[in-house]
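The lines below spell out each chain.
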Amino acid sequence: MPFCFNTAADYLEAAREMAVSGRSALARLLAEEAADRTSDPREAARILREFPGPSLRQEN
């Protein structure tokens with residue numbers, strides 16, 4: 001079943017699945033997107049704590 005990413009929860013669910021499957025870099029990127037889509041700064045910080053590590057994003 002293909003993923004449909006519409007909400008922070010969608011990205012967070014995918015991040016957790018990637019973490020379980022050993023894809024920690026992808027999990028971190030998905031978690032960062034989930035945090036960006038979260039309006040509560042405390043919740044965004046909690047999400048990023050769940051997936052520790054430096055940001056892997058490359059900005060243009």
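The rules we used
Residues numbered from 1 in each chain as written. Predicted model: local features only at pLDDT ≥ 70, side-chain atom pairs only at ≥ 80, totals over all residues. Heavy atoms only, no water. Helix = DSSP H or I, 4+ residues; strand = E, 2+ residues; numbered from the N terminus. Rg over C-alpha atoms; globule rule 2.2 N^0.38 Å. Axes fitted to C-alpha atoms, helices over the stretch in contact; angles between N-to-C directions. Parallel < 35°, antiparallel > 145°, perpendicular 65-115°, else oblique. Contact = heavy atoms within 4.5 Å. Nonpolar A, V, L, I, M, F, W, Y, C, P; charged D, E, K, R; others polar. Expected span 1.5 Å × (residues − 1). Buried < 20%, exposed > 50% of the residue type's maximum accessible area, 1.4 Å probe, protein only. Arc of directions from axis to C-beta. Core = buried A, V, L, I, M, F, W, Y, C linked by side-chain atoms within 4.5 Å.

Enquirer: What is the right way to look at the overall build of the protein in this model?
Expert: For the protein, the count of helices and strands is three helices and zero strands. Shown N-terminal to C-terminal, the secondary structure of the protein runs as helices and strands in the order α-α-α. Taken over C-alpha atoms, the radius of gyration comes to 11 Å for the protein, in line with the 10 Å a tight globule of 60 residues would show. Based on the C-alpha atoms only, the size of the protein along its principal axes is roughly 30 × 25 × 25 Å.

Enquirer: What is the right way to read the packing of helix α2 (residues 24-36) against helix α3 (residues 41-50) from this model?
Expert: Helix-helix packing is described using two parameters, namely the angle between the two axes and the distance between the axes. Put simply, α2 and α3 touch, their axes get as near as 9 Å, and they point 175° apart. Relative to α3, α2 is oriented roughly antiparallel. When α2 is examined against α3, the residues Arg28, Ala31, Glu32, Ala34 and Ala35 are found in contact with a partner set consisting of Ala44, Ile47 and Leu48. Along the lines of polarity and charge, the residues of the contact of α2 with α3 split into six nonpolar, no polar and two charged.

Enquirer: Sorry if this is basic, but what is going on with the environment of Gly53 here?
Expert: Its place among the elements puts Gly53 in the segment after α3. For the pair Gly53 and Arg28, spaced 25 residues apart in sequence, the C-alpha separation works out to 7.4 Å.

Enquirer: Help me understand helix α1 (residues 8-20), please; the structure alone is not making it clear to me.
Expert: An α-helical segment advances 3.6 residues per turn. Residues three or four places apart therefore align on the same side. When the terminal C-alpha atoms of α1 are compared, their 18 Å separation across 13 residues agrees well with the 18 Å that a helix rising 1.5 Å per residue should span. By the burial criterion, the buried members of α1 are Ala8, Tyr11, Leu12, Ala14, Ala15 and Met18. Buried residues along α1 cover an arc of 165° about the axis, so they all sit on one side. When the buried face of α1 is taken as reference, the exposed residues oriented beyond 90 degrees from it are Ala9 and Val20. Along its buried surface, α1 packs onto α2 and α3. Immediately beyond the C-terminal end of α1, within one or two residues, lies Gly22, with a positive phi of roughly 85°.

Enquirer: It is not clear to me how the nonpolar core should be interpreted in this structure. Could you clarify?
Expert: Across soluble globular proteins, nonpolar side chains show a tendency to be buried alongside one another. Grouped together as the largest cluster of nonpolar side chains are 13 residues, with contacts concentrated most on Leu12, Ala15, Leu30, Ala31, Ala34, Ile47 and Phe51. Contributions of two or more residues to this core are made by α1, α2 and α3. In contact with Ile47, not counting residues within four places along its chain, are Leu12, Ala31, Ala34, Ala35 and Thr38.

Read these as spatial facts, not as claims about activity.
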